Amino acid sequence: MESLRSLTSFGVTKTETMSKLRIAIQKSGRLYDDSISLLKECGIELRNVKDRLKTESDNFPLEVFFLRDDDIPQYVEDGVADIGIVGQNVLYEKCKETEIIERLDFGKCRLALAINKNEEYVANYLQGKKIATSYPILLQKYLDENKITAEIHEISGSVEIAPGIGLADVICDLVSSGSTLFMNGLKEVETVLESQAVLVRNKDLNEEQLKWVDKLLFRIRSVKKAKRNKYILLNAPNNQLPRIFELLPGMRSPTVLPLAEEGWSSVHSVLSEDEFWEKIEQLKAAGAQGILVVPIEKMII
Ligand code: ATP
Ligand code: MG
């Protein structure tokens, strides 16, 4: 427990005491930048991140531990960290008792099986093969589910070179674009797991810790929602407004302002990224002009 100095903006008085929430994130690697950016986008300023062992925030009761991603599930299970950001691939491989509280939309990849690109991938191809992987638990589960008997060779890194040096016939490794496989003369044949970074929490947090996890989650969700949406402004002739409203329902309903030119209005609304291009075409067809699309920083509904 420690006293907090400057948390008045979060409804915490200067004299109130509380424990800081401890979050474990990757020390360096593919999840590091996105994890730090997410905290920043949530308005959490961190002191001296370069130190990379641990740091804390002055404007949110958060202490950040920088760890190897493999260790994060264990630290969160043990309660050394209260929450953590880790890939589902690592989380499921480690089989630790934690609870996923949010998918974070970054670190997207898949654990996939790949074979020599010149081989034909026929039915029962995997039966009796040697498969190199850093994910023996997830691979064994996949093999069991698909009633395949194969030999698993566990290696800790550079899995993609295993077929080239005669260590294995098949590999089971993380893939995002597939370029590493391609460079090593391999082709992807099966997906074992679709993965992304997730926020996990220790199962036994106290009420106070849960309160701060909720506050953090609220911010994370606002940032995620904002990323999936755009703010759109356009001009349209008044006789086309009913059609434009149909296309742009907005959060409650669109904002409409009259233009100086008689018979025209400016319409402001929010548009989801998924339907963006389709809607723009339809809006143009409905007579919309001067369409402006701008990013949204936070979205609170
Ligand atoms: P550490 O030193 O922390 O153990 P690492 O080398 O095991 O790091 P990274 O290569 O930095 O791990 O990857 C971290 C996570 O990023 C992976 O576990 C996975 O969830 C995600 N990821 C996303 N795309 C890829 C990819 N193409 N290859 C590997 N991991 C990816
Ligand atoms: Mg690792």
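Presented here is an overview of the structure given in this document. (Residues numbered from 1 in each chain as written. Chains lettered and ligands numbered in written order. Predicted model: local features only at pLDDT ≥ 70, side-chain atom pairs only at ≥ 80, totals over all residues. Heavy atoms only, no water.)

**What to know about the sheet that holds strand β7 (residues 99-103)**
Sheet architecture is open: six strands sit in the order β4-β5-β3-β6-β13-β7, paired in mixed fashion. Each of the sheet's edge strands pairs with one partner strand only, and the pair in question is β4 (54-56) and β7. Averaged over all pairs of adjacent strands, the angle between strand axes in this sheet comes to 25°, irrespective of strand direction. Pairing between strand β6 (residues 83-87) and strand β13 (residues 197-201): five bridges, direction antiparallel. Across the sheet, the residue bridging to glycine 87 is alanine 197, located in β13. Across the sheet, helix α6 (residues 207-227) lies against β3 (21-26), β6, β7 and β13, angled at about 30° from β7, the strand it touches most. (Pairing = 2+ DSSP bridges. Helix = DSSP H or I, 4+ residues; strand = E, 2+ residues; numbered from the N terminus. Axes fitted to C-alpha atoms, helices over the stretch in contact; angles between N-to-C directions. Contact = heavy atoms within 4.5 Å.)

**Thoughts on the sheet that holds strand β12 (residues 186-195)**
If you trace the five strands from one edge of the open sheet to the other, you get β10-β9-β11-β8-β12, paired in mixed fashion. Only two strands of the sheet have a single neighbouring strand rather than two, namely β10 (151-154) and β12. Recorded for the sheet is a direction-independent mean angle of 30° between the axes of neighbouring strands. Direction of pairing for strand β9 (residues 130-133) relative to strand β11 (residues 170-175): parallel, over a ladder of three bridges. In the sheet register, threonine 133 faces β11, and the bridge partner there is cysteine 172.

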